[in-house]
Amino acid sequence: MLWVMPMLQLVNLCIFWSISINHFWYDYSLLIMCFVVGLLGGGVYVQGYNRINADMPKELREFALSSASVADSVGILVADISSLFIQSCIYQSNGINGAVVDCPL
């Protein structure tokens, strides 16, 4: 169950990317998809820590939780950096100037 939710997040990324380039869905119902993305992200976070708590031996549990916290922060950093490039590609496809970095595509 834990691996299904990140895959659904990737599907949502592709859907939002497509919407931002092709402009086929622009109304308030798009907020429902945003809500689903938030639920998936929170579900992955909670399930990951619950899995560590349930599966790890007691003597390694604190280290595993600390490692997961560091990995979470590194993952957020990687996502933030990659979002700069994704944003610049979306800006380029829509003819908008002002991106911080250049689109690598």
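Residues numbered from 1 in each chain as written. Predicted model: local features only at pLDDT ≥ 70, side-chain atom pairs only at ≥ 80, totals over all residues. Heavy atoms only, no water.

*Asks:* So what exactly am I meant to see when it comes to a nonpolar patch on the surface here?
*Replies:* Taken together, the side chains of Leu77, Ile81, Leu84, Phe85 and Val100 define a hydrophobic patch exposed on the protein surface, amounting to about 460 Å² of accessible area. Tracing the sequence through the fold places leucine 84 in helix α3 (residues 58-94). A residue is classified by how much of its surface remains accessible, and leucine 84, at 33% relative accessible area, is partly exposed. (Patch = residues over 30% accessible without salt bridge, like charges linked within 9 Å, V, L, I, M, F, W, Y side chains within 5 Å. Areas by Shrake-Rupley, 256 points an atom, 1.4 Å probe, with all protein chains shown as cover. Salt bridge = Lys/Arg side-chain N within 4 Å of Asp/Glu carboxyl O. Helix = DSSP H or I, 4+ residues; strand = E, 2+ residues; numbered from the N terminus. Buried < 20%, exposed > 50% of the residue type's maximum accessible area, 1.4 Å probe, protein only.)

*Asks:* Help me understand the packing of helix α1 (residues 4-22) against α3 in this model?
*Replies:* The relative placement of two packed helices comes down to the angle between their axes together with the axis-to-axis distance. Where α1 meets α3, the closest approach of the two axes is 9 Å, and the angle between their N-to-C directions is 30 degrees. Relative to α3, α1 is oriented roughly parallel. Contacts from Trp17, Ser20 and Ile21 of α1 reach α3 at Ile86, Cys89, Ile90, Ser93 and Asn94. For the contact of α1 with α3, the per-class residue count stands at five nonpolar, three polar and no charged. (Axes fitted to C-alpha atoms, helices over the stretch in contact; angles between N-to-C directions. Parallel < 35°, antiparallel > 145°, perpendicular 65-115°, else oblique. Contact = heavy atoms within 4.5 Å. Nonpolar A, V, L, I, M, F, W, Y, C, P; charged D, E, K, R; others polar.)

*Asks:* Mind showing me how you'd approach the packing of α1 against helix α2 (residues 30-55) here?
*Replies:* Following both chains from N to C, one finds α1 and α2 inclined at 155 degrees, their axes separated by 10 Å at the closest point. Relative to α2, the element α1 lies roughly antiparallel. As α1 runs across α2, the sense of the crossing is left-handed. Here Met5, Pro6, Leu8, Gln9, Asn12, Ile15, Phe16 and Ile19 of α1 lie close against α2, whose contacting residues are Leu30, Met33, Cys34, Val36, Val37, Leu40, Gly41, Gly43, Val44 and Gln47. In the contact of α1 with α2, the residues fall into 13 nonpolar, five polar and no charged. (Left-handed = near helix turned anticlockwise from the far one by under 90°.)

*Asks:* Explanation requested: the state of the cysteines in the structure shown.
*Replies:* Working definition of a disulfide: a covalent bond connecting the sulfur atoms of two cysteines. Per the counting criterion, the structure on display carries one disulfide. A disulfide-free cysteine, cysteine 14 has its sulfur positioned 14 Å from the sulfur of cysteine 89, the nearest such atom. For cysteine 14, a relative accessible area of 53% corresponds to the exposed category. Cysteine cysteine 34 is unpaired, with the sulfur of cysteine 14 as its nearest cysteine sulfur at 15 Å. Note on cysteine 34: relative accessible area 38%, which makes it partly exposed. (Disulfide = S-S within 2.5 Å.)

Nothing here speaks to function; it is geometry throughout.
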